[in-house]
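# Structure assessment
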Amino acid sequence: MTQQPARLCILGGGFGGLYTALHLSQLPWVKQEKPEIILVDRSDRFLFAPLLYELMTGELQTWEIAPPFEELLAGTGVRFHQGTVTSVDLAAKQVQLQDGHALSFDRLVLSLGGETPLDRVPGAAEHALPFRSITDAYRLEERLRVLEESEAEKIRVAIVGAGYSGVELACKLADRLGARGRIRLIEQADQILRTSPDFNREAATKALEARGIWVDLDTGVETIAADTLDLSYKGNVDTIPVDLVLWTVGTRVSDVINALPLKQNARGQIVVTPTLQAVDYPEVFSLGDLVDCQDAEGQQVPATAQAAFQQAEYVGWNLWASLTDRPLLPFRYQHLGEMMALGTDNATLTGLGFKLDGPFAYVARRLAYLYRMPTLEHQVRVGLNWIAQPLRDAIGAIDP
Ligand SMILES: Cc1cc2nc3c(=O)[nH]c(=O)nc-3n(C[C@H](O)[C@H](O)[C@H](O)COP(=O)(O)OP(=O)(O)OC[C@H]3O[C@@H](n4cnc5c(N)ncnc54)[C@H](O)[C@@H]3O)c2cc1C
């Protein structure tokens, strides 16, 4: 009698899940050891989130930053199943999907990422837009288009949170809206980009000033209404008129994760061992934004694409090791630095002994992300398009 191959389910195809699947497909499986690998995601596309802002300025197109899973996984032996995970029964080793499908597993990878909490102030869920997914970007595009086509002299945008997302979004939207834009960045703390290196914070401050973006520090958002925002500063509450509110503050894990009997921290993140396994559940691996992870040296690993990308290599390896009776490797995080887009021709980056801002940083950031894109085929298609685009623009400019 032939033995059934082990089944490995990867839930969530973001930086953690997709790159785990791609690593797994490249490992040296002996034929009879090769497991069935299934990647589940509610979307049909992977999203390269750090380049999501570029959709709002038309610098990049959806196919470049969000290629379909079917295309990325072609020829890898990994099966893609589009579906929304509604629950996981760890005792029965079964995943339940919204479409009624149930998937059994021998090994599970939890990589469902995080969600933007819109319940922190009254009115946020009804009137503020998050900026995390392609759907969020399309919704924002639609709102901007309506405002741009309106008779309004000015378009007033408030962005809540002056972390990476808030600052990057503010600069890109300021460049898109030009003189018509009135952009306001609201931050509860006494400075922007609290966790950034000074160089990046200073470059970002200059970029915000150059674009005339108002920055309200030490300011809380009390309530959000359809066309106003209540802001509190030093005990006083001011109501300001606004056309669009974007909410970029916080990350939380989904209800599917909260419902699991796994060890979780106060923020609901799954606590994992340095080998990226859930405590007391060695068949469950987890990575990315939904884990609380200390690496082999005890460093706390941040919730970033960079960390998820590095963890994916270890999860892939450790799954292979656990199915082939080899020792598992503890994760070692290497902080490579941070990069930020600061408009359509400007960026800043700090890391590996380098500090750079301005147009050169803009190009360096693009190239670094091109290198990180999944699959060589996709990198080549996007890279060729980036080379061809300026030529097309130049021809378009002289063509009557
Ligand atoms: C706009 C933006 C800019 C960013 N910029 C940077 C940056 O410059 N540098 C950096 O390091 N990090 C950046 N990040 C953070 C980075 O994207 C995340 O840390 C990273 O994506 C985490 O990877 P992950 O695999 O945990 O989650 P994700 O990449 O978010 O993937 C989660 C996947 O799970 C799927 N999913 C979720 N719930 C379900 C469900 N119930 N059923 C089925 N599928 C589900 C989602 O569709 C998604 O594909 C940025 C994030 C955003 C939103």
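Since the model is a prediction, treat every value here as computed from it, not as a measurement.

Scoring rules and cut-offs
- Residues numbered from 1 in each chain as written.
- Predicted model: local features only at pLDDT ≥ 70, side-chain atom pairs only at ≥ 80, totals over all residues.
- Helix = DSSP H or I, 4+ residues; strand = E, 2+ residues; numbered from the N terminus.
- Rg over C-alpha atoms; globule rule 2.2 N^0.38 Å.
- Buried ≥ 20, exposed ≤ 12 C-beta atoms within 10 Å, placed from the backbone.
- Contact = placed C-beta atoms within 7 Å.
- Pairing = 2+ DSSP bridges.
- Axes fitted to C-alpha atoms, helices over the stretch in contact; angles between N-to-C directions.
- Near = placed C-beta within 6 Å.
- Nonpolar A, V, L, I, M, F, W, Y, C, P; charged D, E, K, R; others polar.
- Domains from an automatic or database assignment.
- Left-handed = near helix turned anticlockwise from the far one by under 90°.

## A closer look at the overall build of the protein chain
Helix and strand content of the protein chain: twelve helices and 22 strands. For 400 residues, the compact-globule estimate of 2.2 N^0.38 gives 21 Å, and the C-alpha radius of gyration of the protein chain, at 22 Å, lies within 12% of that figure. Here the C-alpha coordinates of the protein chain stretch approximately 75 × 55 × 45 Å along the principal axes. Within the protein chain, the fraction of its 400 residues that count as buried is 40%. Of the contacts formed within the protein chain by residues at least 6 apart in sequence, a portion of 64% connects residues at least 24 apart.

## Re the sheet that holds strand S10 (residues 181-186)
Taken in spatial order, the five strands of this open sheet run S8-S15-S9-S10-S11, and their pairing is parallel. Two strands lie at the open edges of the sheet, namely strand S8 (128-130) and strand S11 (214-216), each paired on one side alone. The mean angle between the axes of side-by-side strands here comes to 25°, regardless of whether they run parallel or antiparallel. When strand S9 (residues 155-160) meets S10, the two strands line up parallel, connected through six bridges.

## A short note on the site of the ligand
Around the ligand, 32 residues are found, and the nearest of them are Gly12, Gly14, Gly16, Gly113 and Gly288. Those elements giving two or more residues to the shell around the ligand turn out to be strand S2 (36-41), helix H7 (164-177) and helix H10 (305-323). Broken down by class, the residue content of the shell around the ligand amounts to 14 nonpolar, 14 polar and four charged. Composition of the shell around the ligand by domain shows at least three residues from each of domain 1 (7-42 + 83-114 + 253-323) and domain 2 (124-247).

## A short note on the domain arrangement of the protein chain
Partitioning the protein chain into domains gives domain 1 (7-42 + 83-114 + 253-323), domain 2 (124-247) and domain 3 (338-392). Breaking the side of domain 2 that touches domain 3 down by element, the ones donating at least two residues are H7 and helix H8 (198-210). Counting residues per element, the side of domain 2 that touches domain 3 draws most heavily on H7, at six residues. Of the residues belonging to the side of domain 2 that touches domain 3, the class tally is eight nonpolar, two polar and four charged.

## Observations regarding the sheet that holds strand S6 (residues 102-104)
Within the open sheet, the three strands sit side by side as S4-S5-S6. Their pairing is antiparallel. Looking at strand neighbours, the two that pair on one side only are strand S4 (85-89) and S6, the edges of this open sheet. Taken pair by pair, the neighbouring strands of this sheet meet at an average axis angle of 20°, ignoring direction. Here S4 runs beside strand S5 (residues 94-97); their pairing, made up of four bridges, is antiparallel. Looking across to S5, one finds that aspartate 89 is bridged to glutamine 94.

## Overview of the packing of H7 against H8
Contact pair H7 / H8: the axes reach a minimum separation of 10 Å and the direction vectors enclose 35°. Here H7 runs over H8; the crossing is left-handed. The residues of H8 that touch H7, namely those facing Val167, Ala170 and Cys171, are Ala204, Ala207 and Leu208. Residues that form the contact of H7 with H8 fall into these classes: six nonpolar, no polar and no charged.

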